[in-house]
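Notes for the structure review
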Amino acid sequence: MAKQIVKMTLNGQQIEQLVDSRTLLVHFLREQMSLTGAHIGCETSHCGACTVDIDGESVKACTHLAVQCDGSDVKTVEGLAEAGALHAVQEAFYEEHGLQCGFCTPGMLMRSYRFLQENPNPTEDEIRLGLSGNLCRCTGYQNIVKAVQSAAIKLQQKESATA
Amino acid sequence: MIPPSFEYHRPSTVDEAVGLLSSLGSEAKILAGGHSLLPMMKLRFAQPEHLVDINRIPELKGVRVVGDDIVIGAMTSENAVIADPVLNEKVPLLPEAAKLIADPQVRNRGTIGGDIAHGDPANDHPALALACDAVMTIAGPNGKRQVPASEFFLGTYWTALEESDILTEITVKAFPPGAGYSYKKLKRKTGDWATAACAVVIAMSGGAVSHIRITLTNLGPTALRAHEAESILMGQHVSDALIRQAAEQAMEICDPAEDLRGDAEYKTAMAGQMVQRAIHDALSKAS
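Residues numbered from 1 in each chain as written. Chains lettered and ligands numbered in written order. Predicted model: local features only at pLDDT ≥ 70, side-chain atom pairs only at ≥ 80, totals over all residues. Heavy atoms only, no water.

As a further point, take unusual backbone geometry. Look at Ala83 of chain A: it is not a glycine, yet its phi comes out positive at around 50°. Of note, Ala83 of chain A is situated in the loop between β5 (73–75) and α2 (88–95). Ala83 of chain A sits in the exposed class, given a relative accessible area of 87%. One non-glycine residue, Ala102 of chain B, lies in positive phi territory at about 50°. In this structure, Ala102 of chain B sits in the loop between α5 (93–98) and α6 (104–109). (Helix = DSSP H or I, 4+ residues; strand = E, 2+ residues; numbered from the N terminus. Buried < 20%, exposed > 50% of the residue type's maximum accessible area, 1.4 Å probe, protein only.)

What follows is the structure in structure tokens.
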């Protein structure tokens, strides 16, 4: 039998699913869990459209097996907004027009979400390096960088308000 | 693209993993970071019947100091290499070079051991291992053994690893005091393999070179050590002319495969440039 029971926390919910060993995480999310936020772009781990968060790290879900997530905490773009309120990163992409066609946006958001925890006060160069695994075919990078800068400020303000 | 079907195994110790590999034989492959193997499986270049996932084996991860040795677990991720304080202090070439591998997400999954064990001459760690005089620790059905990097890389996708072996540790020594180091990698874009790359470690004594390693990535069937280029500089007071001479000597051993990155002539010429830049950069850091 190539099927396995996989238990994971997915966007805060405990789930248990029967998964074919060869199923890639991105297919599991989109087809089995109906979470179509993580996009399938290049399928070769270059474009970053499938980026999700696994146990506090950004991972490309096209090059990761769903069975490898057994026991893990997985977050997708669907889990970013809390209690109906957009996450600061989402707000910033909306306000700064950090998207054109929108295909790369879920990956950009998930990478930005994690990157700003790794580096809460980044320089522009650090943002460009931190997001270098995410491609925007519209080449809308200027506004994406602006959005990440804006999100950093929003998150810092939030942090100091709760401190 | 979906990989072909396989049975998935997730051992929690090295012994268990070696046992699985021994019993499953040639139809089993080790799954480390998966960023070389899974793409190959999607394209049906690899169709293993069994995958042995070694990601949940704690003893394979992390960096520790044992006497004079720095022991790097084979499943230490590239991002963990970049962040590791011991490596940054004692073998700073490895974190500096790891920043030039793939991209932030891939570096969370890709491991130093996977990069070495794959045997791909385009990977960066083989040349770095040669530059650091690394020793590979291998666990197999008959116990553990050690193989120096100079005897590990046998050909393209061909290493000293036997069918049921696992690369468990990479051991390096701290650089000599005041050593300079550099990894210069010409690539077309983020995430690309090297068109040509060169690692250099250099130490000076009384104004003369007292230790030097010059190694090359993606310029032959395996990573290469440019012994004769090193000899040109060893014991000498370095000049621009000598550096150019060493680079020309290093170009002599290049035998790159032609691909979309360029033909053999171009890649060899770029190898010469990378050697010169890496030597200059390493000298600027040496004291």
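Further notes follow.
What follows concerns the sheet that holds strand β4 (residues 57–60) of chain A. All names here are of chain A. The strand order across the open sheet built from five strands is β2-β1-β5-β3-β4, with neighbouring strands paired in mixed fashion. Each having just a single partner strand, β2 (13–20) and β4 make up the two edges of the open sheet. Across the sheet, the axes of successive neighbouring strands diverge by a mean angle of 40°, strand direction being ignored. Where strand β1 (residues 3–10) lies against β5, two bridges are found, and the strand directions are parallel. Bridged to Thr9 within β5 is Asp73. (Pairing = 2+ DSSP bridges. Axes fitted to C-alpha atoms, helices over the stretch in contact; angles between N-to-C directions.)

Once that is clear, we can look at the packing of aromatic side chains. Describing an aromatic ring pair means giving the distance of the ring centres and the angle of the ring planes. Tallying each qualifying case throughout the model produces two aromatic pairs over all chains. Geometry around Tyr181 of chain B places Lys285 of chain B over its ring, the cationic atom sitting 4.3 Å from the centre. (Phe/Tyr/Trp six-rings, centres within 6.5 Å; stacked < 30°, edge-to-face > 60°. Lys NZ or Arg CZ within 6 Å of the ring centre and 35° of its normal.)

Note that all results are geometric; they support no functional claim without further evidence.
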